[in-house]
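A closer look at the structure
Letter by letter, the chains look like this.
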Amino acid sequence: QVQLVESGGGLVQAGGSLRVSCAGSGRTFSSSAMGWFRQAPGKEREFVAAINWSGGSTYYADFVKGRFTISRDNAKNTVYLQMNSLKPEDTAVYYCAAGGVVVPVPSQYYYWGQGTQVTVSS
């Protein structure tokens, strides 16, 4: 099993930056693909970014390309999402998830964190 805990969310002005982290525990963290998803009020959960077990392969949603960067440090059992040039429409609860493959499909991820709120003011 993998337990995931997100942190680093908060309030930031449009154009600003924020880094959210996801700390994992469990023997399989370092062999898991990791994804970030987000959910805004009244909307479905949507894919943001994913990274394979080694960090050598990443995948981004079109709306974050060039602004967000996913990375991981397996020695620390942590995955990061660096968010730059934030927009008010990026406001959402951000969730990390662990799965077997790098895909943008929530159902393919087995373990989820509780989420961290990111609010971007205009």
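Residues numbered from 1 in each chain as written. Predicted model: local features only at pLDDT ≥ 70, side-chain atom pairs only at ≥ 80, totals over all residues. Heavy atoms only, no water.

Applying the stated criterion to the full structure yields six aromatic pairs. With a centroid separation of 5.3 Å and 45° between ring planes, the pair formed by Phe47 and Tyr59 is classed as tilted. With Phe47 in strand S5 (residues 46-51) and Tyr59 in strand S6 (residues 58-60), this residue pair connects regions lying 12 residues apart in the sequence. Taken together, the aromatic side chains of Phe37, Phe47, Tyr59, Tyr109 and Trp112 make up a single cluster linked through ring pairs. Residue placement shows Arg45 over the ring face of Trp112; its charged tip is 4.8 Å from the ring centre. Lying over the aromatic face of Phe29, Arg72 brings its terminal NZ or CZ to 5.3 Å of the ring centre. (Phe/Tyr/Trp six-rings, centres within 6.5 Å; stacked < 30°, edge-to-face > 60°. Helix = DSSP H or I, 4+ residues; strand = E, 2+ residues; numbered from the N terminus. Lys NZ or Arg CZ within 6 Å of the ring centre and 35° of its normal.)

The subject of this paragraph is the sheet that holds strand S8 (residues 78-83). The pairing of strands in a sheet happens through backbone hydrogen bonds and is either parallel or antiparallel. Spatial ordering of the open sheet is given by S1-S3-S8-S7, a layout of four strands whose pairing is antiparallel. Taken across any chain shown, the strands that pair with only one partner, and hence form the sheet edges, are strand S1 (3-7) and strand S7 (68-73). Between one strand axis and the next, the sheet turns through 15° on average, direction left out of account. Sheet topology note: the S1/strand S3 (residues 18-25) ladder contains five bridges and is antiparallel. Across the sheet, Val5 pairs through a bridge with Ala23, a residue of S3. (Pairing = 2+ DSSP bridges. Axes fitted to C-alpha atoms, helices over the stretch in contact; angles between N-to-C directions.)

Let's shift gears to unusual backbone geometry. Unlike most non-glycine residues, Asn77 shows phi in positive territory, near 50°. Within the element layout of this structure, Asn77 appears in the loop between S7 and S8. Given a relative accessible area of 21%, Asn77 falls into the partly exposed group. Look at Ser85: it is not a glycine, yet its phi comes out positive at around 50°. With respect to the secondary-structure elements, Ser85 resides in the loop between S8 and strand S9 (92-99). (Buried < 20%, exposed > 50% of the residue type's maximum accessible area, 1.4 Å probe, protein only.)

From the geometry alone we can't say anything about function, so treat these as descriptive.
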